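# Structure assessment
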Amino acid sequence: MKYGLFLGCNAPAIRPDLERAMRLTMPELGVELVEMEGYACCPGYGTFPASDEIASLAVSGRNLAIAEERGVDVLVECGSCYSVLRHAAHNLRHDEEKAKKTNELLAIDNKKFSGTSQVRHMIDVLYHEVGTEKIAQSIKHRLDGIEIVVQYPCHTLFPSDVMGFDDPRNPHKLGELVEAMGAKVPRFSREYQCCGGAGGFAARSKKEATAFAKKKFDAIKAETNAEAIVVSCITCLMFMNNIQTDFGEGWETIPVLDYNQLLALCMGFDPKQVCSIGETLKVPAEPREKFIEKITKAAVPG
Amino acid sequence: MIDLAEANTGLWKDIVTEDMGDIRKCYNCGTCISGCPAAEGNPPLLIRRLVRMVLFGLEDELLDDETPWACVSCNQCMEMCPQGVKPFEVGLAIRRWQCREDETYIPPSLPELWEIGHTQSVHKQGELRKSLGLDESPPSVVTDHESMANFRKMLKETAIVKSAPYMFPDEEE
């Protein structure tokens, strides 16, 4: 099993511990990661998609062409990158005129979009290609007795006819991936609420975005015994981690981890490499370190 | 008070295309707003209101309205609209129209993308990346001189770069 790893912008620049976790865990599961040399931004919704549609399709199409040249499907963790690339591939496959204009631009860069590579999200590949059984067999430390809530990345759910690999009204696959490692994933009232971290909302309405997120965090604390939040989107990871510093005095931080980071810890990889950047963002390190210690001390199965 | 007699009734044709659904079928039910995080913003992003503004042809008001830029791009409104309108796509189309009408709307992230191919400095985190066991830089366009030159050559032919060339200086020349 081979995939072109599309890293986007935020993981390699701001949370390379997540990049390290992906690069260590996927080969353990039999997934070979192929480098997408020369890749650029997906491009993010606030850039070309918001200013020039054909330019946007060209920048996405160029990334997809790089995967096509290598004969691989694209593997993406970032929700926005997944949504942008998936929409672009869909539009280029179904709209001849847009595809023609896009390929005219791509020809300048000696590239061509043919539509042979699929865009797959990390949750999709882990759930449907790797499978929960293989994941359960790959870990050294089990999460038995630990409660973890999951954040379903909105960009991977809607619109389901283009994005779809999970039920948009009742997503459950990320939860099952966490349960495969022994953790309990409790349901709660605001389980499906978006983190609110992408796009201009949080930047333009800081106070309101903080209050919006706080409602979700309050529900987690009131209705569950979650010791961590697990996401599979770099925006959810950064936003849900960082926003907790704005919840005021006395707020007890809930550690936020990407699924591949949790997987890497359970596989026994060095926490300093795969789950270490939180404190540079002024989020107290202690709750995360305590959680990591609990995992690394957890029983080795068999 | 808004005088509808002065409105540009052909505005919708400048902004939306058929692949965004038929916005004339929007009956303002508000499904697109319920569950929209940015609808809780200040000012709120009210996509149904924007659709109305497009249909009524309220050109000046729409050009001054920055709320489409608050969208979190979750696409939930695309899933939920009972009328087959693609509200998220309409929001993007309004932003593109604003960029065409007023270049101050062109996002500052565009010149950044032109310069380094990314919205973050993926090539300037060498120390941190190495400390985690990673290569100094991901395999990005920014670290390959020839790829970067070809990437810019392509961008140079796009409508948006042509519309404001001063924002996209060519270091080579």
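Let me begin by describing the structure that accompanies this report.

Criteria and thresholds
- Residues numbered from 1 in each chain as written.
- Chains lettered and ligands numbered in written order.
- Predicted model: local features only at pLDDT ≥ 70, side-chain atom pairs only at ≥ 80, totals over all residues.
- Heavy atoms only, no water.
- Core = buried A, V, L, I, M, F, W, Y, C linked by side-chain atoms within 4.5 Å.
- Buried < 20%, exposed > 50% of the residue type's maximum accessible area, 1.4 Å probe, protein only.
- Helix = DSSP H or I, 4+ residues; strand = E, 2+ residues; numbered from the N terminus.
- Domains from an automatic or database assignment.
- Salt bridge = Lys/Arg side-chain N within 4 Å of Asp/Glu carboxyl O.
- Pairing = 2+ DSSP bridges.
- Axes fitted to C-alpha atoms, helices over the stretch in contact; angles between N-to-C directions.
- Contact = heavy atoms within 4.5 Å.
- 1 Å grid on protein atoms, 1.4 Å probe; cavity = no way out; pocket = protein on both sides within 12 Å on 5 of 7 lines; lining within 4 Å.
- Points joined across faces, edges and corners; volume = space filled by probe spheres on them.
- Nonpolar A, V, L, I, M, F, W, Y, C, P; charged D, E, K, R; others polar.
- Buried area = accessible area lost by both parts, 1.4 Å probe.
- Polar contact = N/O pair within 3.5 Å; in protein donor to acceptor, adjacent residues only side chain to side chain.

Counting 168 residues, the largest nonpolar core has Ile148(A), Tyr259(A) and Leu262(A) as the members making the most contacts within it. Of the residues forming this core, the biggest block, eight residues, is contributed by helix H3 (residues 53-69) of chain A. Split by domain, this core shows at least three residues from each of two domains, domain 1 (4-101) and domain 2 (109-167) of chain B.

Turning next to the pattern of salt bridges. Within this structure, the stated rule accounts for 29 salt bridges over all chains. As a salt-bridge pair, Asp95(A) and Lys98(A) come within 3.8 Å of each other at their nearest N and O atoms. For Asp95(A), a relative accessible area of 23% translates into the label partly exposed. For Lys98(A), a relative accessible area of 11% puts it in the buried group. Between Lys98(A) and Asp19(B) there is a salt bridge whose closest N-O contact spans 2.3 Å. Of the two residues, Lys98(A) sits in helix H5 (residues 96-108) while Asp19(B) sits in the loop between helix H1 (11-15) and helix H2 (47-56), which places them in two different chains.

Residue and element names in this part refer to chain A. On the basis of which strands lie adjacent, the open sheet formed by three strands has the order S5-S6-S7 and parallel pairing. The sheet is open, and its two edges are formed by strand S5 (148-150) and strand S7 (256-258), each paired on a single side. The average angle at which neighbouring strand axes cross in this sheet is 30°, direction not considered. Note: strand S6 (residues 228-231) against S7, three bridges, orientation parallel. Across the sheet, the residue bridging to Val231 is Asp258, located in S7. Along the sheet, helix H13 (residues 259-267) contacts S5, S6 and S7; its crossing angle with S7, the most-contacted strand, is approximately 85°.

This part is about the sheet that holds strand S1 (residues 2-6) of chain A. All names here are of chain A. Taking strand neighbours across the sheet as the criterion, the four strands line up as S2-S1-S3-S4 in an open arrangement whose pairing is parallel. On the outer flanks of this sheet lie strand S2 (32-35) and strand S4 (119-121), each paired with one strand and no other. Strand-to-strand, the axes of this sheet are offset by a mean angle of 45°, without reference to chain direction. Relative to S2, S1 runs parallel, the two being bridged by four bridges. Bridged to Lys2 within S2 is Glu32. Its contacts with the sheet place helix H2 (residues 16-28) against S1, S2 and strand S3 (73-76), and it is angled at close to 135° to S2.

Look at any regular strand and the pattern is simple: side chains alternate between the two faces of the sheet. Residues and elements named next belong to chain A. Taking burial as the measure, the five residues of S1 include four buried ones, the bulk of the element. Bridging between S1 and S3 involves four bridges; their strand directions are parallel. In the sheet register, Phe6 faces S3, and the bridge partner there is Val76.

Here the focus is the layout of surface pockets. Of the volumes computed, that of the largest pocket is approximately 940 Å³. Where the lining of the largest pocket is concerned, the elements lending two or more residues are helix H4 (79-94), helix H10 (201-204) and helix H12 (234-242) of chain A. Considering each element in turn, the lining of the largest pocket owes the most residues, four residues, to H12(A). Tallied by class, residues from the lining of the largest pocket come to 19 nonpolar, 15 polar and three charged. Two domains each put at least three residues into the lining of the largest pocket: domain 1 (4-101) and domain 2 (109-167) of chain B. What lines the second largest pocket is a set of 26 residues, and nearest its centre among them are Asp52(A), Glu53(A), Ile54(A), Lys101(A) and Arg100(B). Of all elements in the fold, only H3 and H5 of chain A together with H1, helix H5 (87-101) and helix H9 (159-163) of chain B reach the threshold of two or more residues within the lining of the second largest pocket. Looking at which element gives the most residues to the lining of the second largest pocket, the answer is H5(A), with five residues. Taken together, the residues that form the lining of the second largest pocket break down as nine nonpolar, four polar and 13 charged. Each of domain 1 (4-101) and domain 2 (109-167) of chain B gives at least three residues to the lining of the second largest pocket.

With that settled, consider the interface of chain A and chain B. Opposite the 64 residues of chain A that make contact, chain B presents 54 residues. Of the roughly 4,900 Å² buried between chain A and chain B on both sides combined, carbon and sulfur atoms contribute 64%. Among the residues of chain A in contact with chain B, Phe48(A), Phe158(A) and Arg204(A) are the three that bury the most area, contributing 12% of the side total. At the boundary of chain A with chain B, the tally comes to four salt bridges. Note that Glu40(B) and Lys215(A) form a salt bridge whose closest N and O atoms lie 3.2 Å from each other. At the junction of chain A and chain B, the tally comes to 23 residue pairs in polar contact (both at pLDDT 80 or more). Listed by contribution, the elements that provide at least two residues to the side of chain A that touches chain B are helix H1 (10-13), H2, H3, H4, H5, H10, helix H11 (206-223) and helix H14 (271-274) of chain A. Residues of the side of chain A that touches chain B, tallied by class, amount to 31 nonpolar, 16 polar and 17 charged.

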